[in-house]
Amino acid sequence: MRPKLYLETFGCQMNQLDSELVLGQLHAHGYQSVEDRDQADVILYNTCSVREHAEQKVFSRLGELRQRKAADPGLVIGVIGCLAEQQGKSLFRKYPHVDILCGPGELDQLVTLVHNAAVTAAGSRPPRQLALMGAAARRSATLAAAEDRLELLDLSRSISPADEVSQAYVRITRGCNKFCTYCVVPYTRGPEVHRPPQNIIDEVKKLVDGGAREVTLLGQTINHYAYRHGDGRVTTFAQLLYQVHEAAPDLSRLRFVTSFPRDFSDEALAAMRDCRRICRYLHVPAQHGSDRILKLMNRGYAAEQYRQFLSRARAYMPDLCVASDFIVGFPTETDADFADTLQLVQDCRFKNCFIFKYSPRPGTIAVKRLADDVPNHVKRWRNTQLLAAQQEISTYANRLMIGHTVEVLVEGQSKLVSKRTMPGTVELGWEKRRLDPSAPSTPTTQMVGRTRGDQIVVFDAPSSLKGRIVEVQIIDAKNLTLFGDLPQTSLIGDGGPLPTRVAS
Ligand code: SF4
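Residues numbered from 1 in each chain as written. Predicted model: local features only at pLDDT ≥ 70, side-chain atom pairs only at ≥ 80, totals over all residues. Heavy atoms only, no water.

Draft legend 1. Structural view of the overall build of the chain. Tallying secondary structure elements over the chain gives 17 helices and 25 strands in all. Considering the chain as a whole, with its 504 residues, one finds that 52% of them fall into the buried category. A separation of at least 24 residues holds for 74% of the contacts in the chain among residues at least 6 apart in sequence. (Helix = DSSP H or I, 4+ residues; strand = E, 2+ residues; numbered from the N terminus. Buried < 20%, exposed > 50% of the residue type's maximum accessible area, 1.4 Å probe, protein only. Contact = heavy atoms within 4.5 Å.)

Draft legend 2. Seen up close, the site of the ligand. Inspection of the region around the ligand gives C176, K178, F179, C180, Y182, C183, V185, P186, T221, F260 and R299 as its neighbouring residues. Grouping the constituent residues of the shell around the ligand by class yields eight nonpolar, one polar and two charged. (Near = heavy atom within 4 Å. Nonpolar A, V, L, I, M, F, W, Y, C, P; charged D, E, K, R; others polar.)

Draft legend 3. Quick peek at the sheet that holds strand β5 (residues 100–102). Overall, parallel pairing links the six strands, which are arranged β2-β1-β3-β4-β5-β6 in an open sheet. Every other strand in the sheet has two partners, leaving β2 (32–33) and β6 (129–131) as the edge strands with one partner each. Here three bridges tie β5 to β6, and the two strands are oriented parallel to one another. If you follow C102 over to β6, its bridge partner there is A131. Helix α1 (residues 13–28) contacts β1 (4–9), β2, β3 (42–47) and β4 (76–81) of the sheet and is inclined by roughly 170 degrees relative to β1. In this fold helix α6 (residues 110–118) packs onto β3, β4, β5 and β6, with an angle of close to 175 degrees to the strand it touches most, β5. (Pairing = 2+ DSSP bridges. Axes fitted to C-alpha atoms, helices over the stretch in contact; angles between N-to-C directions.)

Draft legend 4. Here's a closer look at the packing of aromatic side chains. All told, the structure shown has 14 aromatic pairs when counted by the stated rule. Here F10 and Y45 contribute two aromatic rings whose centre-to-centre distance is 6.3 Å and whose plane-to-plane angle is 50 degrees, an arrangement assigned as tilted. One end of the pair, F10, is in the loop between β1 and α1; the other, Y45, is in strand β3, with 35 residues separating them in the sequence. The two residues F10 and Y45 agree in class, both being buried. (Phe/Tyr/Trp six-rings, centres within 6.5 Å; stacked < 30°, edge-to-face > 60°.)

Draft legend 5. Highlighting the nonpolar core. Core analysis: the largest hydrophobic core is formed by 56 residues, its most contacted members being I200, V204, V215, L217, F256, Y306 and F350. The residues that make up this core include at least three from each of domain 2 (141–254) and domain 3 (280–399). Among the nonpolar cores identified, the runner-up in size contains 27 residues, and L17, L26, C102 and L107 belong to it. (Core = buried A, V, L, I, M, F, W, Y, C linked by side-chain atoms within 4.5 Å. Domains from an automatic or database assignment.)

Draft legend 6. Spatial organisation of α1. With 16 residues, α1 extends 23 Å from end C-alpha to end C-alpha; this agrees with the ideal 22 Å at 1.5 Å per step. Residues of α1 that are buried include every one of M14, N15, L17, D18, S19, L21, V22, Q25 and L26, and no others. Looking one or two residues beyond α1, the residue adopting positive phi is G30, at roughly 100 degrees. (Expected span 1.5 Å × (residues − 1).)

Draft legend 7. How the structure looks around the pattern of salt bridges. Across all of its chains, the model carries 32 salt bridges by this definition. R253 is the partner of E407 in a salt bridge, and the nearest nitrogen-oxygen pair spans 3.0 Å. Taken together, the residues span a long stretch of sequence, with E407 in strand β17 (residues 405–413) and R253 in strand β13 (residues 253–257) at a distance of 154 residues. Residue R253 is classed as buried on the basis of its relative accessible area, which comes to 1%. Where D266 meets R312, a salt bridge forms, and the shortest distance between an N and an O atom there is 2.5 Å. Here D266 is found in helix α12 (residues 266–274), whereas its partner R312 is found in helix α14 (residues 303–316), with 46 residues between them in sequence. By relative accessible area, which is 28% here, R312 ends up partly exposed. (Salt bridge = Lys/Arg side-chain N within 4 Å of Asp/Glu carboxyl O.)

Draft legend 8. The arrangement of the environment of C48 in detail. You can see C48 is positioned in the loop between β3 and α2 (52–64). By relative accessible area, C48 is classed as buried at 12%. A sequence separation of 140 residues divides C48 from T188, and the C-alpha atoms of the two residues are 9.6 Å apart. Apart from residues lying up to four places away in sequence, C48 is in contact with F10, G11, N15, A54, E55 and C82.

Limitation: the analysis is restricted to geometry and does not speak to function.
Shown next as structure tokens:
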């Protein structure tokens, strides 16, 4: 019988991709995924240590498994990803029922680790399995060795049209060299490694052949990509964008995240402008509006430079949508520093912002040098203020979309449950609105998708449209969501030609 496997993923898109890759390998070796953790013979958590909250969730999951492990010693429990790398063997001491620890740089070894643990005789405790890079080895490892490991994992993936995968991630860099003082990523994911462009192109083409309509290129500081070939030539990020765009003409949408403000060349912005299937969306974390705090964070730019970058980007693409990240309550942050952040958000008119309260991360420079001295209630208040300012900006921008028609890639069923209450009326979560009474009565579900600018659109449609590209007319808007209607003739992408009109 095939061993049953349960994998839960926490954190960023990089972790989601890692999970997809390791699942592919484990499935190829006979493991079968199950939705119900209680049915599993092997339980894995792919973890994140960027924020305390994500760590606490994993600790709580591990706590829940204590009793089951006591009753069933043969159950295999593994912690993989950043938390495993960051906490190391101390996790074994804290959670003695954990059998496997595997860092994000060692995931190509996971099948062996799981197999070694899972072959234990019934009723016996599996031998502990450990694959961590460790801080010293991680920083001293040669780039060539790191590249090889990276490629082993990424090149292993396969998808087919039967998988019905319309969106996919492709990693182009791993790790980070920036060492922002609050961040664990350079310690958990190691030095920045860039993949060979041909391997990236081959992977994108494979995904498109397998049915992907949208590919998102991934990297911690993706626009810092520069691959040095054996003969000394360098492929820049801008060149890579042009090459991927040209090599995959059947790909409807190409995106990339996450960008670092200081690293954006004019050539990369020109590539976005010139290649019509590259989505005009950037996620460029600013993190703060005060130059003093940006310096303490080691971000390497001043707030004015961020503003200048944004003006430059919008000069290339006036319809560009930009999202950003901010941290409130960084050590020593004063009211005046926070006011600078508020001003930056007001000035930049982001599509949306991800706002986080500072949480000290063990092992980072900020923890070693700076006391976490902003009281929690002040962090909370600043978080609320910043969120309110951004919500007002997002609502205003979204309401301008009402009456426009946008191109949407349908991602699936919306979490807002749509319930028809009477003919011609639909209830969308908290609101009711009229529908065209002459509309045909095709069974519909509330579906959700995204525009090219990454705006979320909710609309009623047959669930069979999942993975397709449609045109949706916007009829209402909230700060995070556009609500739309699907005209009868709106299907514009069935793997066929691209829409000629870019709607967002
Ligand atoms: S750029 Fe800074 S915040 Fe982003 S991953 Fe690198 S160290 Fe962390």
